[in-house]
Each structure stands twice: as C-alpha cells, then as structure tokens.
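# Commentary on secondary and tertiary structure
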Amino acid sequence: MIPVAEVYRALKAAHGPQEWWPAEGAFEIMVGALLVQRTTWRSAETAIAALKTRGLVDPGRLRGADLAVIEACIKSAGFYRTKAARLRNLASFVTGHGGVGALAARPTPELRALLLGLDGVGPETADAILLYAFERRAVVVDAYLRRLGQRLAGGASAPQDIRLRAWVGDGIAEAPDLNEFHALVVAHGKQACRPEPRCGECPIGSRCRTGRKASRSSSGGSG
DNA sequence: CACCAGGGTGGTT
DNA sequence: AACCACCATGGT
C-alpha cells in the first residue's frame, strides 16, 4: 500500500489547510462531536449556536438544563431526543470527573476508555474527541477513510479498521498532522468523483477515485 | 420520490 | 463477526 505520508502530502497540496475543529474550547468540541453524528456540520453548528444563546455550552449549565430545552435547541441536528439525553449525560460526566482540565491530565489510553464508556461515544467519536479536543495522537477511522483504504487496496479486500489505524498511525507522527489528515480525507471524500475522466483531478492518483461516486453514474466511482 | 450527511446502540443470525 | 432497524432533520 502507498505510504500514507504521500497521500497526506497530495491532499494537503490539493486542498490546503482545513482548520478543524471549528469550535471554541474542548467542551464545545465534545458537544459538536455528538451533534454532528449522521448529519452535516452546518446542522450541528446551528444547534451549537442555539445552545450558546442559552449558555448551555458549559458542563455545569448543561448538566442541569431541562431536557426539553436542550431538545428544542438541537432539533436542527436530527436525532434530537437521543442526542439531547447524550449531551446532558456528557455534561454530567465532565463535571463528575472534575472538569475538562482534570480529564486533560489523564493519559490517552485511560481517557479513551472513559470516553468509550459514554452513551453515544463509539470508536470514531472517541478518537475525534481525543484528537481535536485533547490534541492527542489518535486516528479517526470513518467512512471516508475506509473508502480511501478500499480503493487504494486496488481490488483486494477492504482493509479492516485496525489495518487503517496502523497505516495512518505508523506513517504520521505528530498529532497536528493527524488532525489535518483526517480533515483532508473528509474534504476530499466529499467531492463528487466524476466517472469521466476517472477522477482525473484526483490528487492521490488516477486509480484512487476516493470521491463519492457521482449520482446516477454508470461507470464511475466504485472500484 | 430517493439518497446522503464528520455514528452509535441494541437485537438477531 | 456480520448484518439489521432505528434514531430524525435538512439539503439536493
């Protein structure tokens, strides 16, 4: 498989700095990480803005907030009943562990285990929080990275998550670069892949085609 | 009308 | 381990 550093350089040259995570502070990033699940960042951002107007992007405030109020604020992000309960639980978790600062003092494996114990936090969200909120070395394995790996495998069976972790984690040393790499993979993956001429502008290579397959295309995309 | 968006959970096979 | 239904809104 092509070294991940080469892919990183190509994506960075093509797309430039992504400046993730667009948020103010670690707790806001955690809130955003839950809100953005299965929705667009735009919808999540609208929800965060509504929470902010009520001063709820704060563990102490959010923990004691009325569930119906939280639901009303975050409705735009979808799954609002589920997410409202998860957000309030997140706030209780943070205050219960002495605040963001106390959590930040914990070693990464321990912190990751704590995050995974939260309702609504799976591997992807946990690693995103570790990477963007706590600036730890973490590899975010999401649908975009899986598709990238599958296509770079070139017809072979899709790499498992653990393989993708090793490929990225062993090839990119610094947390800020892992940060940028993940954002670039998402940015690149969101681009529609033209069936003709085979993603000719793809910075990774002509066989890559990591973009979404163009809608209604007959010959492009998958592969 | 269908499909997708910066997933996770709980249940079934 | 793989697969499934469900959660729910907003944009194309």
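In this report, we go over the structure that sits alongside the text.

What follows is about the nonpolar core. Core analysis: the biggest nonpolar cluster contains 60 residues, and Leu35 and Leu145 have the highest contact counts within it. Taken domain by domain, this core gets at least three of its residues from each of domain 1 (4–17 + 144–217) and domain 2 (26–133). With residues up to four places along the chain from it excluded, the contact list for Leu145 reads Val139, Val140, Leu164, Trp167, Val168, Phe181 and Val185.

So, about the protein's contact with DNA strand C. Around DNA strand C sit Arg38, Ser43, Lys75, Ser76, Gly78, Phe79, Tyr80, Arg81 and Thr82, and those are all the residues in its vicinity. Among the atoms of DNA strand C lying within 4 Å of the protein, the sugar-phosphate backbone contributes 54%. A distance of 2.9 Å separates a phosphate oxygen of DNA strand C from a polar atom in the backbone of Arg81. The greatest single-element share of the surface near DNA strand C, amounting to 3 residues, is contributed by helix H6 (residues 80–96). Residues that form the surface near DNA strand C fall into these classes: 2 nonpolar, 4 polar and 3 charged.

Below, the discussion takes up the protein's contact with DNA strand B. Inspection of the region around DNA strand B gives 20 residues, with Trp21, Arg38, Gly122, Thr125 and Lys190 positioned closest. Contact between DNA strand B and Glu124: a phosphate oxygen at 3.4 Å from a main-chain N or O atom of the residue. Sorting elements by how many residues they give to the surface near DNA strand B places helix H9 (residues 123–132) first, with 3 residues. When grouped by side-chain class, the residues that make up the surface near DNA strand B number 8 nonpolar, 6 polar and 6 charged.

Analysis parameters
- Residues numbered from 1 in each chain as written.
- Chains lettered and ligands numbered in written order.
- Predicted model: local features only at pLDDT ≥ 70, side-chain atom pairs only at ≥ 80, totals over all residues.
- Heavy atoms only, no water.
- Core = buried A, V, L, I, M, F, W, Y, C linked by side-chain atoms within 4.5 Å.
- Buried < 20%, exposed > 50% of the residue type's maximum accessible area, 1.4 Å probe, protein only.
- Domains from an automatic or database assignment.
- Contact = heavy atoms within 4.5 Å.
- Near = heavy atom within 4 Å.
- Polar contact = N/O pair within 3.5 Å; in protein donor to acceptor, adjacent residues only side chain to side chain.
- Helix = DSSP H or I, 4+ residues; strand = E, 2+ residues; numbered from the N terminus.
- Nonpolar A, V, L, I, M, F, W, Y, C, P; charged D, E, K, R; others polar.

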